[in-house]
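This is what each chain is made of:
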Amino acid sequence: LTPPEMVHDHLVDYLTQPGVKAPPGMDLGLRAGGVAKSMMTSTISKQITGMAQRFIAGVDAASALPGLEKLWKSGFAFSVDLLGEACVSSAEADMYRDKYLDLVGNLPASVASWRDNPRLEKDHLGAIPRVNVSVKVSSLSGMCDPIDTPAAIRDIRTRLDPILELARQQDVFVNFDME
């Protein structure tokens with residue numbers, strides 16, 4: 001959403017739903033017009049962009065590495081996640097599988113060269129993998145259907161199994177993100 005009108009319409013749509021209470025002062029901005037409307041949407045757009053830049057490391061493993069390395073050097077471990085939720089087609093599920101394979105296959109080699117940080121790499125149970133990837137199970141099938149659970153599981157596994165096998169080979173920890 002880039003034009004101020006689209007941002008404003010989206011905010012009005014979202015923040016005027018039953019049971020949703022806009023933050024103090026924002027309700028005035030939602031009713032405003034002209035310059036006030038433009039100023040409010042500009043400010044909110046900048047805040048959203050700033051937040052996104054803080055939490056979105058990149059579009060693939062290669063572009064995420066600089067941000068992840070900065071976190072590591074600052075003493076923070078990370079779990080890499082993909083944007084998006086449930087998919088609606090096998091083609092889209094294949095795209096998500098390929099993105100997870102990119103993360104699992106390409107992050108470990110670069111991350112291995114980073115300076116050791118025992119606080120991030122070990123706990124009371126032992127070693128902790130440096131690379132941690134959160135896999136949204138719902139992104140791996142366009143047919144997650146509780147009516148035909150066995151078929152849904154088979155479809156998910158066609159994409160999940162190669163990710164898990166590569167993660168095992170690369171010593172990557174996998175979280176299952178079940179939203």
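Worth saying up front: this structure is predicted, and the values here are computed from it rather than measured.

I'd like to hear about the overall build of the protein, residue by residue, with values.
What the protein contains, in helices and strands, is 7 helices and 4 strands. Taken against the 2.2 N^0.38 rule, which gives 16 Å for 179 residues, the C-alpha radius of gyration of the protein at 21 Å runs more than 25% over that of a compact globule. In terms of its C-alpha atoms, the protein occupies a principal-axis envelope of roughly 60 × 45 × 30 Å. Counting across all 179 residues of the protein, residues that qualify as buried make up 31%. Residue pairs at least 24 apart in sequence account for 64% of intrachain contacts in the protein once pairs closer than 6 positions are excluded. Total accessible area on the protein stands at roughly 11600 Å², and carbon and sulfur atoms take up 59% of it. Distance between charge centres in the protein, computed from 18 positive and 23 negative side chains, equals 7 Å.

Help me get a handle on the packing of aromatic side chains, residues and values and all.
Overall, the coordinates contain 2 aromatic pairs when judged by the stated rule. Centroid distance Trp72 to Trp114: 6.1 Å. Interplanar angle 45 degrees. Geometry classified as tilted. Of the two residues, Trp72 is situated in helix H4 (residues 61-73) and Trp114 in the loop between helix H5 (90-112) and helix H6 (118-121); the sequence distance between them amounts to 42 residues. Relative accessible area serves as the criterion here: at 4%, Trp72 is assigned to the buried category. Judged by its relative accessible area of 8%, Trp114 falls in the buried class.

I'd like a rundown of the pattern of salt bridges, residues and numbers included.
This structure, assessed with the given rule, holds 10 salt bridges. In this structure, Glu165 engages Arg168 in a salt bridge whose closest nitrogen and oxygen atoms are separated by 2.5 Å. Residue Glu165 and its partner Arg168 are located together in helix H7 (residues 149-170), separated by 3 residues, close to a single helical turn. Arg168 sits in the exposed class, given a relative accessible area of 57%. Three or more residues joined by partner-sharing salt bridges are found here, namely Asp94, Arg97, Asp98, Asp155 and Arg159.

Explain the packing of H5 against H7 residue by residue, including any values.
Remark: H5 packs on H7, axes separated minimally by 10 Å, with the N-to-C direction vectors making an angle of 0 degrees. When the interaxial angle is binned, H5 and H7 end up roughly parallel. Residue-level inspection shows Ser90, Ala93, Asp94, Arg97, Tyr100, Leu101, Val104, Gly105 and Pro108 of H5 in contact with H7, the latter providing Arg159, Pro162, Ile163, Leu166, Ala167 and Gln170. By residue class, the composition of the contact of H5 with H7 is 9 nonpolar, 3 polar and 3 charged.

Which residues make up the pairing of strand S4 (residues 173-177), and what are the values?
Moving residue by residue along a regular strand, the side chains alternate between the two faces of the sheet. One ladder, built from 5 bridges, connects strand S3 (residues 132-136) with S4; its direction is parallel. Following the sheet pairing, Ser134 is matched in S4 by Asn175. Each parallel crossover has a hand, and the one from S3 via H7 to S4 is right-handed.

So what's going on with the nonpolar core? Residues and values would help.
Counting residues in each nonpolar core, the largest one holds 30 residues, and the members touching the most others are Tyr100, Leu103, Leu107, Val133, Val135 and Leu140. Put simply, the parts of the chain that give this core at least two residues each are H4, H5, S3 and H7. Looking at this core, the element that brings in the most residues is H5, giving 7 residues. Beyond its immediate stretch of four places on either side in the chain, Val133 contacts Ser79, Val80, Tyr100, Leu103, Val104, Val172, Phe173, Val174 and Asn175. If you look at the next biggest cluster of nonpolar residues, it comprises 7 residues, including Val7, Leu11, Ala22 and Met40.

Tell me about the environment of Met51, and name the residues and values.
Looking at where Met51 falls in the secondary structure, it is placed in helix H3 (residues 34-55). Distance in space between the C-alpha atoms of Met51 and Met143 is 33 Å, their sequence separation being 92 residues.

Criteria and thresholds
Along each chain, numbering runs from 1 in the same order as the chain's sequence is written. Side-chain atom pairs in this predicted model are given and counted only at pLDDT of 80 or more, local residue features only at pLDDT of at least 70, and totals for whole chains, interfaces and linings cover all residues. The basis for the side-chain values is all heavy atoms of the structure; hydrogens and waters are excluded. Note on conventions: DSSP H or I runs of at least 4 residues are helices, E runs of at least 2 residues are strands, and numbering of each starts at the N terminus. In this description the radius of gyration comes from C-alpha coordinates, and the expected globular size is given by 2.2 Å times residues to the power 0.38. To sort residues, take the accessible area from a 1.4 Å probe on protein chains only and compare it with the maximum for the residue type: under 20% means buried, over 50% means exposed, and anything in between is partly exposed. Contact between two residues is taken to exist if any of their heavy atoms lie within 4.5 Å; hydrogens are not considered. Note on areas: Shrake-Rupley with a 1.4 Å probe; residue coverage comes only from the protein chains shown. For this count, His and the chain ends are skipped, Lys and Arg are scored as positive, and Asp and Glu as negative. Where a charge lies is defined by one atom per residue type: Lys uses NZ, Arg uses CZ, Asp uses CG and Glu uses CD. Stacked, tilted and edge-to-face are the three classes applied to pairs of Phe, Tyr and Trp rings, where Trp contributes its six-membered ring and a pair requires centres within 6.5 Å; stacked means planes under 30 degrees apart, edge-to-face means over 60, and tilted covers the rest. One side-chain nitrogen of Lys or Arg within 4 Å of one carboxyl oxygen of Asp or Glu is enough to make a salt bridge. For helices, the fitted line uses only the C-alpha atoms of the stretch in contact; every axis is such a line through C-alpha atoms, and the angle between N-to-C directions lies from 0 to 180 degrees. Put simply, angles under 35 degrees are roughly parallel, angles over 145 are roughly antiparallel, angles from 65 to 115 are roughly perpendicular, and the rest are oblique. Throughout this entry, Asp, Glu, Lys and Arg are counted as charged residues, while Ala, Val, Leu, Ile, Met, Phe, Trp, Tyr, Cys and Pro are counted as nonpolar. The remaining residues, Gly among them, count as polar. When DSSP finds two or more bridges between a pair of strands, those strands are recorded as paired. Here is how to tell: hold the view so the strands point away, follow the path from the first strand over the helix to the second, and if it runs clockwise the crossover is right-handed. Buried Ala, Val, Leu, Ile, Met, Phe, Trp, Tyr and Cys residues form a nonpolar core when they are joined through side-chain atoms within 4.5 Å.

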